[in-house]
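Chain residues, written in single-letter form:
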Amino acid sequence: MRQMIRNFLLFLSVVVVFGINGQDKITYMSDGAGYISLRVLSYGKKSKEAMDNAEKVAIQTILFRGIPGSNRVEYPMIGVNEKEIQEQHRAYFKELLDKDRYCSFIISNVPISQFEKDATKKKRIIVDVKVNIKALRLDLEQNGVIRKFGL
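Residues numbered from 1 in each chain as written. Predicted model: local features only at pLDDT ≥ 70, side-chain atom pairs only at ≥ 80, totals over all residues. Heavy atoms only, no water.

So, the pattern of salt bridges: which residues are in play, and what are the values?
Overall, the coordinates contain five salt bridges when judged by the stated rule. Between Lys48 and Asp52 there is a salt bridge, with its nearest N and O atoms 3.0 Å apart. Residue Lys48 and its partner Asp52 are both found in helix α2 (residues 47-64); the two are separated by four residues, about one turn of the helix. Asp52 sits in the partly exposed class, given a relative accessible area of 26%. For Arg65, the salt bridge goes to Glu82, with nearest N and O atoms at 2.9 Å. With Arg65 in the loop between α2 and α3 (82-88) and Glu82 in helix α3, the pair connects residues that are 17 residues apart, well separated along the chain. When its relative accessible area of 44% is taken as the criterion, Arg65 is described as partly exposed. Relative accessible area serves as the criterion here: at 22%, Glu82 is assigned to the partly exposed category. (Salt bridge = Lys/Arg side-chain N within 4 Å of Asp/Glu carboxyl O. Helix = DSSP H or I, 4+ residues; strand = E, 2+ residues; numbered from the N terminus. Buried < 20%, exposed > 50% of the residue type's maximum accessible area, 1.4 Å probe, protein only.)

For the nonpolar core, give the residues involved together with the corresponding values.
Ile62, Leu63 and Phe93 are the most contacted members of the largest nonpolar core, which has 33 residues in total. Elements represented by at least two residues in this core include exactly β2 (35-43), α2, α4 (90-98), β5 (123-132) and α5 (133-142). Element by element, the count of residues in this core is highest for α2, at nine residues. Apart from residues lying up to four places away in sequence, Leu63 is in contact with Pro76, Met77, Ile78, Gly79, Phe93, Leu96, Leu136 and Leu140. (Core = buried A, V, L, I, M, F, W, Y, C linked by side-chain atoms within 4.5 Å. Contact = heavy atoms within 4.5 Å.)

Which residues make up the pairing of β5, and what values do they have?
Side-chain direction in a regular strand flips from residue to residue, so the side chains alternate between the two faces of the sheet. Bridge analysis of β2 against β5 gives nine bridges, and the strand direction is antiparallel. Pairing of Val40 across the sheet is with Val127, part of β5. In this sheet, β5 lies alongside strand β3 (residues 106-111) in antiparallel orientation, the contact comprising five bridges. By the bridge assignment for β5, Asn109 is matched with Val129. Note: strand β4 (residues 116-117) against β5, two bridges, orientation antiparallel. (Pairing = 2+ DSSP bridges.)

In structure tokens form, the structure reads like this:
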């Protein structure tokens, strides 16, 4: 019995440490004419950092993971081999992600919650992010990251 309790407590601590570790989370909300709306739970040391992170995570999820339930980007816009793709197109992704060019594809970002601490004492915010996927796709095509649809 004692061993079973010890195993349960060990399991519980692993769940707490690894299950609630401050990972950004994205939820599909809706598709529109050339855009997608997402609800993003994002973390950061300050509110501005968490808001910026929410936008960046939304773009990266659209590009490399896709949004289940979406009619427009259910599957990754580029592919799932994120590191390999970023290495192939290093200059483009440096400009897009490191120099904040991704902001030009954000139509709006509206905070839904207060910037607050979660159960693990990490600071987080929930933001509704609307991304112009039509312009993002066109930009990827023009920069040779993806081929034009139908070619």
